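# Coordinates in review
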Amino acid sequence: MHQSDAPRKTVVPQRHGAHPLAFAALIAANVMLAFGSWFVRMADTGPVASAFWRIALATPILLAIAVAGGWRPVRVGRTMWLLFALAGLCFAADLGSWHIGILKTTLANATLFGNSAILFFPVYGFLAMRAWPSRTQGIALALAAVGAALLMGRSYQLDPRHLVGDMLCLLAGLLYTFYFIFMARIRETMAPFPALAMATGGSIVPLLALALLMGDRIWPHDWTPILALVLVSQVIGQTLLIYALGQLSPLVVGIALLVQPVVAGAVGWIVYDERLGLADLVGAVLVAVALVLVREREPAMLAPADTEPR
């Protein structure tokens, strides 16, 4: 039998020195990202092509902001380049499968399944820290899981019109988790704009290759949905998310992802008459309670402020 010198502790997997605005940035990021599925559905390109434009147009903006802030690529080591490449490939595969799935299911389902990292990423965080969640964290995670189950309730009817799309979005959620893992490693030593710019740039070639392979229509007639996708979802939304990822614990980030299906479900209801039922509304309330619990616990998790990530 394995013996230990001391009983196993409940350790809070929380980064030190989180900025007071990190949680607000996390919520704002998820609200903005939630509109991405709507922009994809409005775009007149193929689904993977819209993902390609999202990345190709955002990368120069992010690089320019990073360089203006003093960052230079020469400071990046080989290990970091490898992490960028892996993050870029995971993000490309995530966006490709998710954008295809968006056209084959409801906005709420696409966004919820696409953010199944709500369960995967917190589990990774506790495994990485070799820690049990605290009682408050466990309750928050359980409420989030129940809320997610209620929000996914209609998908369990296995509607054949939605099943393929749901599975593609679930695959995207798994790939999104790996993207988070690599980006969390990168954010340990790099500020959000350079980190996001490099990882985003690594997704351009894979997405273009996949779009051409699938025979997608590449060039849009109406640039408005594409530009909205680029600015709202990628430049602003992803930047705020990656900023928060370097400041907050995987549990908090994972649960906050549930803001996206709630917002996307509301958009689907208003724009496409994809009505929300009682279970959806109860699920949204449980998600809100989970967010309050992890947020109230936040100050106790924090040690004195560390230096800002470089």
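Rules used throughout
Residues numbered from 1 in each chain as written. Predicted model: local features only at pLDDT ≥ 70, side-chain atom pairs only at ≥ 80, totals over all residues. Heavy atoms only, no water. Helix = DSSP H or I, 4+ residues; strand = E, 2+ residues; numbered from the N terminus. Buried < 20%, exposed > 50% of the residue type's maximum accessible area, 1.4 Å probe, protein only. Areas by Shrake-Rupley, 256 points an atom, 1.4 Å probe, with all protein chains shown as cover. Axes fitted to C-alpha atoms, helices over the stretch in contact; angles between N-to-C directions. Parallel < 35°, antiparallel > 145°, perpendicular 65-115°, else oblique. Left-handed = near helix turned anticlockwise from the far one by under 90°. Contact = heavy atoms within 4.5 Å. Core = buried A, V, L, I, M, F, W, Y, C linked by side-chain atoms within 4.5 Å. Polar contact = N/O pair within 3.5 Å; in protein donor to acceptor, adjacent residues only side chain to side chain. pLDDT = per-residue confidence, 0-100. Nonpolar A, V, L, I, M, F, W, Y, C, P; charged D, E, K, R; others polar. Patch = residues over 30% accessible without salt bridge, like charges linked within 9 Å, V, L, I, M, F, W, Y side chains within 5 Å. Salt bridge = Lys/Arg side-chain N within 4 Å of Asp/Glu carboxyl O.

Once that is clear, we can look at the overall build of the chain. Along the backbone of the chain there are 14 helices and 0 strands. Counting from the amino terminus, the chain carries its helices and strands in the arrangement α-α-α-α-α-α-α-α-α-α-α-α-α-α. Buried positions account for 52% of the 310 residues belonging to the chain. As displayed, the chain has an accessible area near 14,200 Å², and 70% of this comes from carbon and sulfur atoms.

Let us look at the packing of helix α9 (residues 192–201) against helix α11 (residues 224–245). Two quantities define a packed helix pair, namely the angle between the axes and the distance from one axis to the other. It is at 9 Å that the axes of α9 and α11 come closest, and there the two elements cross at 120 degrees. Relative to α11, the element α9 lies oblique. The handedness of the crossing between α9 and α11 comes out as right-handed. Contacts from Pro192, Phe193, Ala195, Leu196 and Thr200 in α9 reach Gln234, Gln238, Thr239, Ile242 and Tyr243 in α11.

It is worth spelling out the nonpolar core at this point. Judged by nonpolar contacts, the single largest core of 67 residues is most densely connected at Leu26, Tyr179, Met183, Ile186 and Leu207. In this structure, Tyr179 is in contact with Ala87, Cys90, Phe91, Leu196, Ala199, Gln238 and Ile242, ignoring residues within four places of it in sequence.

All right, on to the side chain of His99 then. Looking at where His99 falls in the secondary structure, it is placed in helix α4 (residues 78–102). Classification of His99 as buried rests on a relative accessible area of 0%. Engagement of the side chain of His99 in a polar contact is seen with the backbone oxygen of Pro47, the distance being 3.0 Å. There is a polar contact of 2.9 Å between the side chain of His99 and the side chain of Ser50. In this structure His99 touches Val40, Pro47, Ser50, Ala51, Arg54 and Leu229, once residues within four positions along its chain are discounted.

To continue, consider the confidence of the model for the chain. Detailed conclusions should not be drawn from predicted coordinates in areas where pLDDT is low. In this model, the chain carries a mean pLDDT of 78, and residues with pLDDT of at least 70 account for 75%. Across the chain, helix α10 (residues 204–214) holds the top mean pLDDT of 94, while helix α14 (residues 278–301) sits lowest at 61. Below a pLDDT of 50 lies the segment residues 1–16, which in the model reaches 32 contacts outside its immediate sequence neighbourhood of four places, other chains included. pLDDT under 50 marks residues 297–310. Its contacts with residues more than four places away, or in other chains, come to 27 contacts.

This part covers the packing of helix α3 (residues 47–68) against α11. The N-to-C vectors of α3 and α11 enclose an angle of 55 degrees; their axes lie 9 Å apart at closest approach. With respect to α11, the axis of α3 lies oblique. Of the two possible hands of crossing, α3 and α11 adopt the one that is right-handed. Contact residues: Ser50, Trp53, Arg54, Ile55, Leu57, Ala58, Ile61 and Leu62 in α3; Ile226, Leu227, Leu229, Val230, Leu231, Ser233, Gln234, Val235, Gln238 and Thr239 in α11. Its residues placed into classes, the contact of α3 with α11 shows 12 nonpolar, 5 polar and 1 charged.

Here the focus is the environment of Thr136. Relative to the helices and strands, Thr136 resides in helix α7 (residues 135–151). With 154 residues separating them in the primary sequence, Thr136 and Ala290 have C-alpha atoms 9.3 Å apart.

On the surface, Ile61, Ile65 and Leu231 cluster together to form a nonpolar patch covering roughly 220 Å² of accessible area. Looking at where Leu231 falls in the secondary structure, it is placed in helix α11. Assessed through its relative accessible area of 43%, Leu231 is described here as partly exposed.

Glancing now at helix α5 (residues 107–114). Counted residue by residue, α5 has 8 buried out of 8 residues, so it is predominantly covered. Along α5, the residues that are buried comprise Leu107, Ala108, Asn109, Ala110, Thr111, Leu112, Phe113 and Gly114.

Note that Ala191 resides in the loop between α8 (160–187) and α9. For Ala191, a relative accessible area of 23% translates into the label partly exposed. Each C-alpha atom of the pair Ala191 and Trp71 lies 9.0 Å from the other, and the pair is 120 residues apart in sequence.

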